Amino acid sequence: DFLKAQELYPGNATVYHWFSFLRNNQGRSDEYYALLEKAHQLDPMSAVIRMNYAGALREFGRLEEALEQYEIILEIHPEFVRAYVPIANIQWKLLNRPDLAAQTYAKAINLDTEQHYWYSYFAVLYLDLGEPERASLLLDRANELAPEHLKPIFETLLLHLYQQQAEGIAEDASAVLA
């Protein structure tokens, strides 16, 4: 029971961190945020807690604060790859700086060359920039890493739609439906 754990270990950040998810799942978003904030205050060096705290800030529309928290994560733990993608998304969509977002996605890929998500996100950025050839190379790598995963397949569909290649759309649709 989280309330009992909170009573027994009032200074334990992990208790507040996990309790916040319970409250979020119960639809109690104010408590969710308050508990995450408390966990963050108790253990500001935890990359995982700060990552979730930044995510909550993002959910509440506090994007500049979220970006600051993600950047702090990378100052403390530069190898924490999961922080690069939300930074790139904010750079791209909020700050309208796709050039910075591309650099940030590239850092994620350099740190973790085996995660298909990084390639997929980067490819969608290149589609948005009107560079389907570069996007295609990244999506090919994502599909090599996780051919069974649907996200790269759907992003490949987007690529084919962008390029208006009817044959590619039919092939990819068949793969999804199979």
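Okay, so let's go over this structure. (Residues numbered from 1 in each chain as written. Predicted model: local features only at pLDDT ≥ 70, side-chain atom pairs only at ≥ 80, totals over all residues. Heavy atoms only, no water.)

Turning next to the overall build of the protein. When helices and strands are counted, the protein shows 11 helices and zero strands. For the protein, restricting intrachain contacts to residue pairs at least 6 apart in sequence, the fraction spanning at least 24 positions comes to 39%. (Helix = DSSP H or I, 4+ residues; strand = E, 2+ residues; numbered from the N terminus. Contact = heavy atoms within 4.5 Å.)

Turning next to the packing of aromatic side chains. Enumeration over the complete set of coordinates arrives at seven aromatic pairs. Ring centres of Tyr117 and Tyr121 lie 6.3 Å apart, and the angle between their planes is 20°; on these two criteria the pair is classed as stacked. Of this pair, Tyr117 and Tyr121 both sit in helix H8 (residues 116–128), four residues apart, which is roughly one turn of that helix. Look at Tyr121 and you get partly exposed, because its relative accessible area is 25%. Aromatic side chains Phe122 and Tyr126 sit 4.9 Å apart centroid to centroid with 25° between the ring planes, which places their arrangement in the stacked category. (Phe/Tyr/Trp six-rings, centres within 6.5 Å; stacked < 30°, edge-to-face > 60°. Buried < 20%, exposed > 50% of the residue type's maximum accessible area, 1.4 Å probe, protein only.)

A word on the pattern of salt bridges. This structure, assessed with the given rule, holds seven salt bridges. A salt bridge links Arg62 to Glu65, with the nearest nitrogen and oxygen atoms 2.7 Å apart. Of the charged contacts in the structure, one is a salt bridge between Arg141 and Glu114, with a shortest N-O distance of 3.3 Å. Residue Arg141 is located in helix H9 (residues 132–145), and its partner Glu114 is located in the loop between helix H7 (98–111) and H8; the two are separated by 27 residues in the primary sequence. Classification of Arg141 as partly exposed rests on a relative accessible area of 25%. (Salt bridge = Lys/Arg side-chain N within 4 Å of Asp/Glu carboxyl O.)

On to a nonpolar patch on the surface, then. On the surface, Phe2, Trp18 and Leu22 cluster together into a nonpolar patch covering about 280 Å² of accessible area. Within the secondary structure, Trp18 sits in helix H2 (residues 13–25). (Patch = residues over 30% accessible without salt bridge, like charges linked within 9 Å, V, L, I, M, F, W, Y side chains within 5 Å. Areas by Shrake-Rupley, 256 points an atom, 1.4 Å probe, with all protein chains shown as cover.)

On to helix H4 (residues 47–59), then. Over its 13 residues, H4 extends 18 Å from the first C-alpha to the last, a length consistent with the 18 Å expected when each residue adds 1.5 Å. Here H4 lies mainly inside the structure; 10 of its 13 residues are buried. Among all positions in H4, only Ala47, Ile49, Arg50, Met51, Asn52, Tyr53, Ala54, Gly55, Ala56 and Leu57 are buried. Those residues of H4 hidden inside the fold are in contact with H2, helix H3 (29–42), helix H5 (63–76) and helix H6 (84–93). Where H4 ends, the next residue or the one after it, Gly61, has phi of about 80°, a positive value. (Expected span 1.5 Å × (residues − 1).)

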